[in-house]
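These are the residues of each chain, in order.
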Amino acid sequence: MSTGATTLSNPDRAAAAVAQTASSAGMQAKLADYAELAKPRITVLELVTVVAAMQLAVAATGASWEPASLVAMMLGTTLLAASANTLNQYLEVRHDRVMKRTADRPLPTGRMQRGEAAAFGIASVAVGVTLLTFGVNGVTAGLGLLCWFLYVAVYTPMKRVSPWNTFVGAVSGAIPIVMGWTAGGGPLDLAAAGLFAVLFCWQYPHFMAIAWLCREDYAAAGYKMTTVVEPTGRRAGAHAMVGAALLAPASLLPAIALSSTGAVFYACAVLVLAAALFYVAARFYQNRCDATARKLLRGSLIYLPVWMLLLVLCLP
């Protein structure tokens, strides 16, 4: 009889194993959807700028790393970014459905309900601001909340109204590096203004390349991007050139403010770097096509990490 009982239990064990595997796979899929809402690749780039600025501030002020503050800064910034990206998708789900590059996201496909996304986004911003307030300082928390508000409440709806959305997006995108500076003990001074100015100017060549490459998607969704309202791309090219040109003086501001012994080498290097990006932007302006836009995008992605490396190596 015991053999019979064992035999009869085998299908049950097999069914339990299948159910457990399905449950595990479902959990992994759900976590993957939450990760997709948070846009981790964008968040990682943001965290790199935050840590670079924090390191620069610590070196400039003579302070020391506080492990607890660093952890709070990293987690708080990650949660704020995750919240902003999630609520952006919550508000734009109808538009994401008609764009090829976003149609497979969790909300447009129905893999996740809007209520789940809203709850995740609200919880993330609440915990993120709390961590920054009590684990870092009030100034950094205030800057983080301002960055989040501009992205979610201003930039996101403005995309359907005016091409000036890029300006607001650039302001929001430039705030995190200042958060890193204040988290490291840096004041809101000329150095902070310089860090902000570089990230603000950099976003114009970076985003104008994306706006050109995704212009059909943006048009289908009804977004008033520069490449949609002026489809020849001349205005986008001009904006990219102006942003790249302004990177040169903007990149010099931290060197002027910090008066480091490595400032001369830094200045020469960033001027060459900015000139190279300006050249690529000018090529895009002269010949507006996907090939030149991709080169501009790659150039912008090279500029930022090289500039930050020069920043932390030359200016402390």
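Residues numbered from 1 in each chain as written. Predicted model: local features only at pLDDT ≥ 70, side-chain atom pairs only at ≥ 80, totals over all residues. Heavy atoms only, no water.

## Quick notes on the overall build of the chain
Here's step 1: Scanning the chain from N- to C-terminus turns up 14 helices and zero strands.
Here's step 2: Along the three orthogonal principal directions, the C-alpha set of the chain runs to about 90 × 50 × 30 Å.
Here's step 3: For the chain, with 316 residues in total, the buried portion stands at 47%.
Here's step 4: In the chain, 75% of the contacts between residues at least 6 apart in sequence involve partners at least 24 apart.
Here's step 5: Put simply, the chain shows about 14700 Å² of open surface, and 69% of that area lies on carbon and sulfur atoms.
Here's step 6: For the chain, the centre of its 22 positive side-chain charges and the centre of its 14 negative side-chain charges are spaced 9 Å apart. (Helix = DSSP H or I, 4+ residues; strand = E, 2+ residues; numbered from the N terminus. Buried < 20%, exposed > 50% of the residue type's maximum accessible area, 1.4 Å probe, protein only. Contact = heavy atoms within 4.5 Å. Areas by Shrake-Rupley, 256 points an atom, 1.4 Å probe, with all protein chains shown as cover. Lys, Arg positive; Asp, Glu negative; His and termini not counted. Charge placed at Lys NZ, Arg CZ, Asp CG, Glu CD.)

## Structural notes on the layout of surface pockets
Here's step 1: Of the voids in this model, the largest pocket is the one considered here, and its volume is about 1500 Å³.
Here's step 2: If you trace the largest pocket, you find 46 residues lining it, with Lys 39, Ile 42, Asn 85, Tyr 151 and His 206 closest to the centre.
Here's step 3: Looking at the lining of the largest pocket, the elements that each hand over two or more residues are helix H2 (40-61), helix H3 (67-91), helix H7 (138-158), helix H8 (165-183), helix H9 (190-213) and helix H14 (290-314).
Here's step 4: In terms of residue class, the lining of the largest pocket is built from 25 nonpolar, 12 polar and nine charged. (1 Å grid on protein atoms, 1.4 Å probe; cavity = no way out; pocket = protein on both sides within 12 Å on 5 of 7 lines; lining within 4 Å. Points joined across faces, edges and corners; volume = space filled by probe spheres on them. Nonpolar A, V, L, I, M, F, W, Y, C, P; charged D, E, K, R; others polar.)

## Some words on a positive patch on the surface
Here's step 1: Together, Arg 283, Arg 294, Lys 295 and Arg 298 line one region of the surface with positive charge.
Here's step 2: Ranked by the residues each element gives to the positive patch, the list is headed by H14, at three residues.
Here's step 3: Mapped onto the secondary structure, Arg 283 falls in helix H13 (residues 263-286).
Here's step 4: By relative accessible area, Arg 283 is classed as partly exposed at 39%. (Patch = residues over 30% accessible without salt bridge, like charges linked within 9 Å, V, L, I, M, F, W, Y side chains within 5 Å. Salt bridge = Lys/Arg side-chain N within 4 Å of Asp/Glu carboxyl O.)

## A look at the nonpolar core
Here's step 1: With 82 residues, the main nonpolar core has Tyr 266 and Trp 307 as its most contacted residues.
Here's step 2: If you tally residues by element for this core, the top one is H9, at 15 residues.
Here's step 3: Contacts of Tyr 266, omitting those with residues within four sequence positions, involve Ser 251, Pro 254, Ala 255, Trp 307, Leu 310, Leu 311, Cys 314 and Leu 315. (Core = buried A, V, L, I, M, F, W, Y, C linked by side-chain atoms within 4.5 Å.)

## Overview of the pattern of salt bridges
Here's step 1: The tally for this structure, following the rule as stated, stands at seven salt bridges.
Here's step 2: In this structure, Glu 116 engages Lys 30 in a salt bridge whose closest nitrogen and oxygen atoms are separated by 3.1 Å. Taken together, the residues span a long stretch of sequence, with Glu 116 in helix H6 (residues 114-135) and Lys 30 in helix H1 (residues 2-38) at a distance of 86 residues.
Here's step 3: A salt bridge links Arg 215 to Asp 290, with the shortest nitrogen-to-oxygen separation between them at 3.3 Å. With Arg 215 in helix H10 (residues 215-221) and Asp 290 in helix H14, this residue pair connects regions lying 75 residues apart in the sequence.

## Observations regarding the packing of aromatic side chains
Here's step 1: Inspection of the entire model under this criterion finds nine aromatic pairs.
Here's step 2: One cation-aromatic arrangement involves Lys 159 over Tyr 223; the distance from NZ or CZ to the ring centre is 4.6 Å.
Here's step 3: Between the NZ or CZ atom of Arg 215 and the centre of the ring of Trp 212, over which it lies, the distance is 3.9 Å. (Phe/Tyr/Trp six-rings, centres within 6.5 Å; stacked < 30°, edge-to-face > 60°. Lys NZ or Arg CZ within 6 Å of the ring centre and 35° of its normal.)

## Side note on the packing of H9 against helix H12 (residues 234-258)
Helix packing geometry: the angle between the two helix axes and the distance between the axes.
Here's step 1: The contact between H9 and H12 brings their axes to 7 Å, and the two run at 160 degrees. In terms of axis orientation, H9 runs roughly antiparallel to H12. Along this stretch, H9 crosses H12, giving a crossing that reads as left-handed.
Here's step 2: Classifying every residue of the contact of H9 with H12 by side-chain character gives 21 nonpolar, four polar and no charged. (Axes fitted to C-alpha atoms, helices over the stretch in contact; angles between N-to-C directions. Parallel < 35°, antiparallel > 145°, perpendicular 65-115°, else oblique. Left-handed = near helix turned anticlockwise from the far one by under 90°.)

## Some thoughts on unusual backbone geometry
Here's step 1: Positive phi is not limited to glycine here, since Lys 39 has a value of about 55 degrees.
Here's step 2: Inspection of the secondary structure assignment puts Lys 39 in the loop between H1 and H2.
Here's step 3: Note on Lys 39: relative accessible area 16%, which makes it buried.

## A closer look at the side chain of Thr 43
Here's step 1: Examined against the element boundaries, Thr 43 turns out to sit in helix H2.
Here's step 2: Excluding residues that lie within four positions of it along the chain, Thr 43 makes contacts with Ala 38, Thr 78, Ala 81 and Asn 85.

## A look at the confidence of the model for the chain
Here's step 1: Across the chain, pLDDT averages 90, with 92% of residues at or above 70.
Here's step 2: Note on residues 1-6: pLDDT is under 50 here. Beyond four places in sequence and across chains, it has one contact. (pLDDT = per-residue confidence, 0-100.)

## Describing the environment of Ala 68
Here's step 1: Topologically, Ala 68 is positioned in helix H3.
Here's step 2: The exposure class of Ala 68 is exposed, given its relative accessible area of 61%.
Here's step 3: For the pair formed by Ala 68 and Gly 135, sequence separation is 67 residues and the distance between their alpha carbons is 7.0 Å.

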